[in-house]
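Observations on the model geometry
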Amino acid sequence: MKALLSIKEIFASLVNTFVFDGTPKGKPEQIVFLTMQGKIHRNGMFRYFDRDTLALVVDEERRPWFLIGFENQTGIDPDMDIRNLKYDAAMWRSRCRKMTVKT
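Our next topic: the pattern of salt bridges. The tally for this structure, following the rule as stated, stands at three salt bridges. The salt bridge partner of aspartate 59 is arginine 63, with a shortest N-O separation of 2.9 Å. Among the residues examined, aspartate 59 registers a relative accessible area of 14% and is labelled buried. Ionic pairing is found between arginine 63 and glutamate 61, a salt bridge with its closest N-O pair at 2.7 Å. Bridged by salt links that share partners, the residues Asp59, Glu61 and Arg63 form one connected network.

Here's what the structure looks like:
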């Protein structure tokens, strides 16, 4: 499944289906695949993760429009949406710590 989601035409089709109710607003040439890896602290242990498929969708002028990711599951996980939020928050926190503020 991960290999299929790395094909821009398929990814754009899923974005159009799930985000835009089938309206063809996202095009394959607007998809910029990203990698996301990190670790979160859970149940007293660090858990390493990487997003299966994450992409920045840009507009016609190549400006960032939105981020979207898809996670594959081998079984039903009722907490998958919460896990994804934690993954995204951990990555955001990591990136913010690396940023410097100029005054």
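Further remarks concern unusual backbone geometry. Positioned with a positive phi, aspartate 21 is a non-glycine residue whose angle comes to about 50°. Of note, aspartate 21 is situated in the loop between α2 (8–18) and β1 (31–34). For aspartate 21, a relative accessible area of 73% corresponds to the exposed category.

Tallied over the entire structure, the rule returns six aromatic pairs. Here phenylalanine 18 and phenylalanine 70 contribute two aromatic rings whose centre-to-centre distance is 6.3 Å and whose plane-to-plane angle is 55°, an arrangement assigned as tilted. Residue phenylalanine 18 is located in helix α2, and its partner phenylalanine 70 is located in strand β5 (residues 64–70); the two are separated by 52 residues in the primary sequence. Look at phenylalanine 70 and you get buried, because its relative accessible area is 16%. With centroids separated by 6.1 Å and ring planes inclined at 70°, the aromatic side chains of phenylalanine 20 and phenylalanine 66 adopt a geometry described as edge-to-face. Of the two residues, phenylalanine 20 is situated in the loop between α2 and β1 and phenylalanine 66 in strand β5; the sequence distance between them amounts to 46 residues. In this pair, the class of phenylalanine 20 matches that of phenylalanine 66, namely buried. Connected via pairs of aromatic rings, a cluster forms that spans Phe11, Phe18, Phe33 and Phe70.

Within α2, burial applies to Phe11, Ala12, Val15 and Asn16. Buried positions in α2, seen along its axis, are confined to an arc of 135° and lie on one side of it. Relative to its buried face, α2 has exposed residues pointing more than 90 degrees away, namely Glu9 and Phe18. Buried residues belonging to α2 abut α1 (2–5), β1, β4 (53–58) and β5.

About the cut-offs
Residues numbered from 1 in each chain as written. Predicted model: local features only at pLDDT ≥ 70, side-chain atom pairs only at ≥ 80, totals over all residues. Heavy atoms only, no water. Salt bridge = Lys/Arg side-chain N within 4 Å of Asp/Glu carboxyl O. Buried < 20%, exposed > 50% of the residue type's maximum accessible area, 1.4 Å probe, protein only. Helix = DSSP H or I, 4+ residues; strand = E, 2+ residues; numbered from the N terminus. Phe/Tyr/Trp six-rings, centres within 6.5 Å; stacked < 30°, edge-to-face > 60°. Arc of directions from axis to C-beta. Contact = heavy atoms within 4.5 Å.

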